[in-house]
Amino acid sequence: MRLALTVNGRPVEREIAPQTLLLDFVRDDLGLTGAKRSCEVQVCGTCTLLVDGRPVSSCCYLAADASGHDVLTIEGLRERPEFERLERAFLEHAALQCGFCTPGMLLTVSALLADEALTSEGAIKHNLAGNLCRCTGYRGIVEAVADLAGVGA
Amino acid sequence: MTTLERPRTVAPQVGRSAPRRDGAEKLRGQAEFAGDIVVPHMLHGKVLRSPVPHARIVSLDARAAEAMPGVVCVLTSNDVSGAFWGHAIKDRPIVAVGKVRFAGEPVAAVAAEDEATALAALDAIEVEYEDLPVVGTVEDALAPAAALVHDGDLRPGLFHGLGELPPRDGNVCYRFRMDRGEIEAVFAHADLVVEGEYSFPAVYQYAMETHAVVAHALGDQITVWASCQHPFLVRAELAALFDVPLANVRVVVPYLGGGFGSKSYTKMEPVTVALARKAGKPVRIQNRVAESMVTTRRHGMRCRMRTAMTREGKLLGRDVECWFDTGAYADNGPRVTATGADAAPGPYRWEAYRVDAACVYTNTAPSGSYRAFGATHLQWIGESQVDELARQAGLDPLDARRASLCVPGEELRAGGKPLDADLIGDVERAAAAVGWDEPKSANVGRGVSVGLLAAGAHPVSTAVVRLEADGRVVVLVGTTEVGQGARTALAQIAAEEIGVEVEQVTVRGTDTRYTPYDRSTGASRSTTLAGLAVQRAAAEVRSQLEEIAGGDEIEPGAIPGLIAGRFGLHGGELIGHGEVAPTGTGSYAEGPVFWEVCVGAAEVEVDPDTGTVRVRKTATIADVGKAINPLLVERQDEGGTMQGLGNALFEEMVYEDGLLLNETLLDYRVPSFEDLPDEMTCIVVENGDGPGPYGAKGCGEGSLAATTAAIVTALADAGVPMTELPLTPERVWRRIRQLTEEGVWPR
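Residues numbered from 1 in each chain as written. Chains lettered and ligands numbered in written order. Predicted model: local features only at pLDDT ≥ 70, side-chain atom pairs only at ≥ 80, totals over all residues.

Chemist: Looking at this structure, I do not really get the interface of chain A and chain B. What am I missing?
Modeler: In many reports, interface size means the accessible area that the parts give up when they come together. Contacts between chain A and chain B engage 38 residues on the former and 43 residues on the latter. Going through the elements one at a time, α2 (74-77), α3 (83-92), α4 (102-114), α5 (121-127) and α6 (139-149) of chain A are the ones with two or more residues in the side of chain A that touches chain B. For the side of chain A that touches chain B, a count of residues per class yields 19 nonpolar, 11 polar and eight charged. (Contact = placed C-beta atoms within 7 Å. Helix = DSSP H or I, 4+ residues; strand = E, 2+ residues; numbered from the N terminus. Nonpolar A, V, L, I, M, F, W, Y, C, P; charged D, E, K, R; others polar.)

Chemist: What should I look at first to understand the pairing of strand β14 (residues 283-286) of chain B in this one?
Modeler: Both faces of the sheet carry side chains from a regular strand, because those side chains alternate between them. All names here are of chain B. The alternating pattern of β14 places Val 283 and Ile 285 and Arg 284 and Gln 286 on opposite faces, both of which are buried. Bridge count between strand β1 (residues 43-49) and β14: two bridges; the pairing is parallel. Looking at β14, one finds that Leu 43 is bridged to Val 283. Relative to β14, strand β11 (residues 212-218) runs antiparallel, the two being bridged by four bridges. Bridged to Ala 215 within β14 is Val 283. (Buried ≥ 20, exposed ≤ 12 C-beta atoms within 10 Å, placed from the backbone. Pairing = 2+ DSSP bridges.)

Chemist: Where do I start with the nonpolar core in this structure?
Modeler: Generally speaking, nonpolar side chains in soluble globular proteins are found buried as a group. Of all hydrophobic cores here, the largest spans 294 residues; its most connected members are Val475(B), Leu490(B), Ala494(B), Val534(B) and Leu715(B). With residues up to four places along the chain from it excluded, the contact list for Val534(B) reads Ala463(B), Val465(B), Val475(B), Val477(B), Leu490(B), Ile493(B), Ala494(B) and Gly578(B). (Core = buried A, V, L, I, M, F, W, Y, C linked by C-beta atoms within 7 Å.)

Chemist: When you look at the confidence of the model for chain B in this model, what are you seeing that I'm missing?
Modeler: Detailed conclusions should not be drawn from predicted coordinates in areas where pLDDT is low. Of the residues in chain B, 99% have a pLDDT of 70 or more, and the chain-wide mean is 96. Reported confidence for the predicted complex is 0.98 by ipTM and 0.97 by pTM. (pLDDT = per-residue confidence, 0-100.)

Chemist: Would you mind going over the sheet that holds strand β15 (residues 300-309) of chain B with me for this structure?
Modeler: Two strands in a sheet stick together by hydrogen bonds in their backbones, pointing the same way (parallel) or opposite ways (antiparallel). Residues and elements named next belong to chain B. Taking strand neighbours across the sheet as the criterion, the five strands line up as β9-β17-β16-β15-β10 in an open arrangement whose pairing is mixed. Of all strands in the sheet, those bounded by a partner on one side alone are β9 (172-180) and β10 (192-200). Averaged over all pairs of adjacent strands, the angle between strand axes in this sheet comes to 5°, irrespective of strand direction. Two strands pair when backbone bridges link them, and β15 and strand β16 (residues 315-327) are joined in this way by 10 bridges, in the antiparallel orientation. Note that in β16 the partner of Arg 304 across the bridge is Glu 321. Set on the sheet, helix α11 (residues 375-393) makes contact with β10, β15 and β16; between it and β15 the angle comes to about 30°. (Axes fitted to C-alpha atoms, helices over the stretch in contact; angles between N-to-C directions.)

Chemist: Could you clarify how one ought to interpret helix α19 (residues 729-741) of chain B in this entry?
Modeler: Quick reminder: α-helices carry 3.6 residues per turn. Residues three or four places apart thus point the same way. Residues and elements named next belong to chain B. Here α19 spans 18 Å end to end across 13 residues, near enough to the 18 Å set by a 1.5 Å rise per residue. Taken together, the buried residues of α19 touch β23 (594-607) and β24 (612-623). Phi for Gly 743, located one or two positions after α19, is positive at around 75°. (Expected span 1.5 Å × (residues − 1).)

Chemist: Honestly, helix α15 (residues 526-549) of chain B in this entry has me stumped. Any pointers?
Modeler: Residue and element names in this part refer to chain B. The end-to-end C-alpha distance of α15, which contains 24 residues, comes to 32 Å, matching closely the 34 Å that a straight helix rising 1.5 Å per residue would cover. In α15, a bend of some 30° at Leu 532 exceeds every other bend along the element. In terms of burial, α15 is a largely internal element, 17 of the 24 residues being buried. After α15 finishes, the residue Gly 550 shows a positive phi value of roughly 60°. (Bend = angle between axes of the 7 residues up to and from the residue.)

Chemist: It is not clear to me how the environment of Glu139(B) should be interpreted in this structure. Could you clarify?
Modeler: Residues and elements named next belong to chain B. By the secondary structure assignment, Glu 139 is in helix α5 (residues 138-142). Using a count of 14 C-beta atoms within 10 Å as the deciding quantity, one classes Glu 139 as partly exposed. Residues Glu 139 and Ser 264, spaced 125 residues apart in sequence, show a C-alpha to C-alpha distance of 28 Å.

Shown next, in the form of structure tokens:
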């Protein structure tokens, strides 16, 4: 089937098999490997991409369902002006270790910041619970995100 | 402790929380992992895994699969029979030969032009199995007339490092015993004795990146890009397995998406190389989570322990038997068993102890390393018994520890390294951090735990430091960046020695073709041992610079000019070499390189109606000698703390008759943001008492063992002593009901 959508602000058209997952489409067809595969059951969040600004688990999301929509990957987010703030906060708080979950984490955080959903430390923990990190123990991430959201942690 | 004596031209680079050198790459999604690597003409590999735990392979027919369009080849036992691998015991075929020993064991592998074709081809392979009796648990394996998982002689691997391996005894593949004093006499005269039987579950490391390997084998040259923690041991194992010289095997290690021991030693490399050899083209195999879960895990363990104390509260003796379930292949089981035995007595001043630890084959997935192995298995048990004895003696748990903990310089085991840490100071700090003396409400408990972990593994590391003509520094060292921050800490050490800012230093990933030898990335050894090698190599560069400068101060900006002066043109470089080798024979008995401190405290609240345990506070001690990067030390400890919380509260691989029942993240729960304790404190202790650079010693594992144990002792303090982990609501609720019937709840 023919797929037409916007990826990182640029129009993309490709011939794909109808069962192609969005994660495989961005990684294999477009070479955007920032998104990672891990649990494949929508628990870990490491494959998170934004579709029209909403976080989705691209390992369980058909590329065809993104037809006509606007997909943002880490490769697009890092070109946006707000990325510098995210990057600085995560570096200052050492809010990453192996980096495998980091792109998905940043995309989720950027969507939640845009929604102004992170109104307290409790809200940060609750809203980020769909993104696992096995390395950091989460505290650095909570501190970084609290800084970004302007709430105390 | 060594400090720089020369005048400084740049601020100290060691001891500051420099931002991670790999931070930007990782945040921007530019960090490359093994599964991101694409090489020209690369095929995709998939592994056919056994659906049954123990069976004879009656027949295997791959003709239909081989005939499928897009399939390049199918690897079967016909291609690999006679070749066995395993760093401790060479007990593993590349794919099953004649018999399968666990559900999930590789039986065949397909190389195809795309992943979907490879997957479809697996279904076309016909295998007939004839079931054999399943040895599903340690109890099954030790029963009289139990079926044997392996029936041949044990062939020692290249890297067990445990002296001469004893012969196999039924399903017991390794045994470690140690004792001191007259154990029976001590127990016969003790005032207070507690004893019990305990069990610890199999646990999955869950590095978020699953095992991934790209292999290319041409003639007698083998190249692999692998998610491995110990590239030089993988190189040696592949060289031996495929009978080629070491230098013909090239192992390239990109960033690892977590390891925690799951990528220690060799895992998916042999089958990927064998498949690539047969295909004549490069092949990539990337496990799914369910496959990585049966590639390696933490050993489940059963334990019988008793501990004796005087009425006044002095610990006397401890007697331990434990059985580690190593699954169908030994993997790192012998080392885990020895380290567990080492950790079993705990760092107390004993009149006598006796430990008998067995490593047992079963028909379950192989068990290997997982962060703080051995200590995590045993510390919660020993510390539970110390607390129960203290309670009977009418002592505060902290006072009981003050009375019997070893002090710095005291011998822990005959001929081994004496204690190199202030444990009493450490446990007092941890206790204070969770409000030890503050009043508690009902159903709230506080606990501490103290332990040690034999750390450092085998002390062999080398490093090369290159000072380039533009004043930038490149460090070549075989440490794998698994997330722990090695590339940052080692860069800080090189910067400090040479006298440049850390931002001028890059630590490269390992490529065994160019990177000098390092034993492994594990056992908290990188900062201590690779760090020492880097320090020595960088110091060598510094002395060359000083010679060129002829006594003038060396401003970083002047370095390019000095190098140009030395070589006459803008070119050339200064190269330093550093090495760490054992002072003795490097044997296990002489070790460890250092004792990693496992000290923590916790406050928990239990809901008696549901059995739910909530961890309100944790405190851990990073007793690191010298923190090269204090913030990264804290972050390491916090990561260990959350894994310790998961190991204590809910992580468990559930097996039934040799079949894993919870093979997805839906059923196997790991901690999330919402599991964070209300307060999580990491205290960095710097006594300069480590053998590494500037008095440093490793960290990052101790907090796991300490946290698991402190949660257990805190729950016991709330009135619910437990003998089986994890502390699921059901188990805790049943225990409370039992205690109620016995009339001891509420306490």
